[in-house]
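Remarks on the overall topology
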Amino acid sequence: MNAPTLQLLVGEDWLPVCERSALIAGRGVAALLPDGRQAALFVDRAGRTYAIDNRDPYSGAQVLSRGLTGTRDGRAYVASPLLKQCFDLETGRCLDDDSVAVTVYASRVGH
């Protein structure tokens, strides 16, 4: 039997990126996409998965997967490990600056 796999919607296709067991609540994982971009993958304590662009728009570094996760006003976020801006994991919106956002990828767990 195949292990459950986290899949991201890239273009029109669901792309398997890692085994679901590689995701641990409170810790991110980076995945390289076929076009060279990187996605930062997360799971919360309830088992919901999230995927956003791994590139911190403020520094340009591929580091969001290494950020600290938390909640603010009931919204799951990741804080950049460099400059500490927080990004909503569902919308990609920067919680500290409404004019900035990162790409969000639809995710699902499948086989």
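Computed from a predicted model, the values in this text were never measured in an experiment.

For the rest of this paragraph, the subject is the overall build of the protein. A count of helices and strands for the protein gives zero helices and nine strands. Overall, the protein shows an N-to-C arrangement of helices and strands of β-β-β-β-β-β-β-β-β. Computed over the C-alpha atoms, the radius of gyration of the protein is 13 Å, within 12% of the 13 Å expected from 2.2 N^0.38 for a compact globule of 111 residues. Here the C-alpha coordinates of the protein stretch approximately 45 × 30 × 20 Å along the principal axes. For the protein, the proportion of its 111 residues judged to be buried stands at 39%. Considering only contacts in the protein between residues 6 or more positions apart, those separated by 24 or more positions represent 36%. Distance between charge centres in the protein, computed from 12 positive and 13 negative side chains, equals 6 Å.

Strand order in the open sheet formed by three strands is β6-β7-β8, with antiparallel pairing between adjacent strands. At either end of the open sheet lies a strand with only one pairing partner, and these are β6 (68-72) and β8 (86-88). In this sheet, neighbouring strand axes are inclined to one another by 35° on average, regardless of whether the strands run parallel or antiparallel. Where strand β7 (residues 75-79) and β8 come together, three bridges link them in antiparallel fashion. Bridge pairing in β8 places valine 78 opposite phenylalanine 87.

Attention now moves to the confidence of the model for the protein. Low-pLDDT portions of the prediction should not be read for the details of their coordinates. Residues of the protein with pLDDT of at least 70 account for 99%, and the chain-wide mean is 94. Confidence, expressed as mean pLDDT per element, reaches its minimum in the protein at strand β9 (residues 107-110) with 92 and its maximum at β8 with 98.

Let us look at the pairing of strand β1 (residues 5-10). Here β1 lies mainly inside the structure; five of its six residues are buried. Alignment of β1 against strand β2 (residues 13-19), held across six bridges, turns out to be antiparallel. In the strand pairing of β2, leucine 9 is matched with tryptophan 14. Adjacent in sequence and paired antiparallel, β1 and β2 are bridged by two residues, among which glycine 11 carries a positive phi angle near 70°.

Let's shift gears to the packing of aromatic side chains. Going through the model one piece at a time under the given rule, you end up with one aromatic pair. With centroids separated by 6.4 Å and ring planes inclined at 45°, the aromatic side chains of tyrosine 58 and phenylalanine 87 adopt a geometry described as tilted. Taken together, the residues tyrosine 58 in the loop between β5 (49-53) and β6 and phenylalanine 87 in strand β8 connect sequence positions 29 residues apart. You can call phenylalanine 87 buried: its relative accessible area is 0%. A cation over an aromatic ring shows up here: arginine 72 above the ring of tyrosine 77, its NZ or CZ 5.8 Å from the ring centre.

Quick look at the layout of surface pockets now. Looking at the largest pocket, its volume works out to about 220 Å³. Contributing to the lining of the largest pocket are 15 residues, with Asp44, Arg45, Gly70, Thr71 and Ala76 lying nearest its centre. Broken down by secondary-structure element, the contributors of at least two residues to the lining of the largest pocket are β4 (38-43) and β6. By residue number, the principal contributor to the lining of the largest pocket is β6, which donates three residues. Here the lining of the largest pocket is composed, by residue class, of six nonpolar, five polar and four charged.

What counts as what
Residues numbered from 1 in each chain as written. Predicted model: local features only at pLDDT ≥ 70, side-chain atom pairs only at ≥ 80, totals over all residues. Heavy atoms only, no water. Helix = DSSP H or I, 4+ residues; strand = E, 2+ residues; numbered from the N terminus. Rg over C-alpha atoms; globule rule 2.2 N^0.38 Å. Buried < 20%, exposed > 50% of the residue type's maximum accessible area, 1.4 Å probe, protein only. Contact = heavy atoms within 4.5 Å. Lys, Arg positive; Asp, Glu negative; His and termini not counted. Charge placed at Lys NZ, Arg CZ, Asp CG, Glu CD. Pairing = 2+ DSSP bridges. Axes fitted to C-alpha atoms, helices over the stretch in contact; angles between N-to-C directions. pLDDT = per-residue confidence, 0-100. Phe/Tyr/Trp six-rings, centres within 6.5 Å; stacked < 30°, edge-to-face > 60°. Lys NZ or Arg CZ within 6 Å of the ring centre and 35° of its normal. 1 Å grid on protein atoms, 1.4 Å probe; cavity = no way out; pocket = protein on both sides within 12 Å on 5 of 7 lines; lining within 4 Å. Points joined across faces, edges and corners; volume = space filled by probe spheres on them. Nonpolar A, V, L, I, M, F, W, Y, C, P; charged D, E, K, R; others polar.

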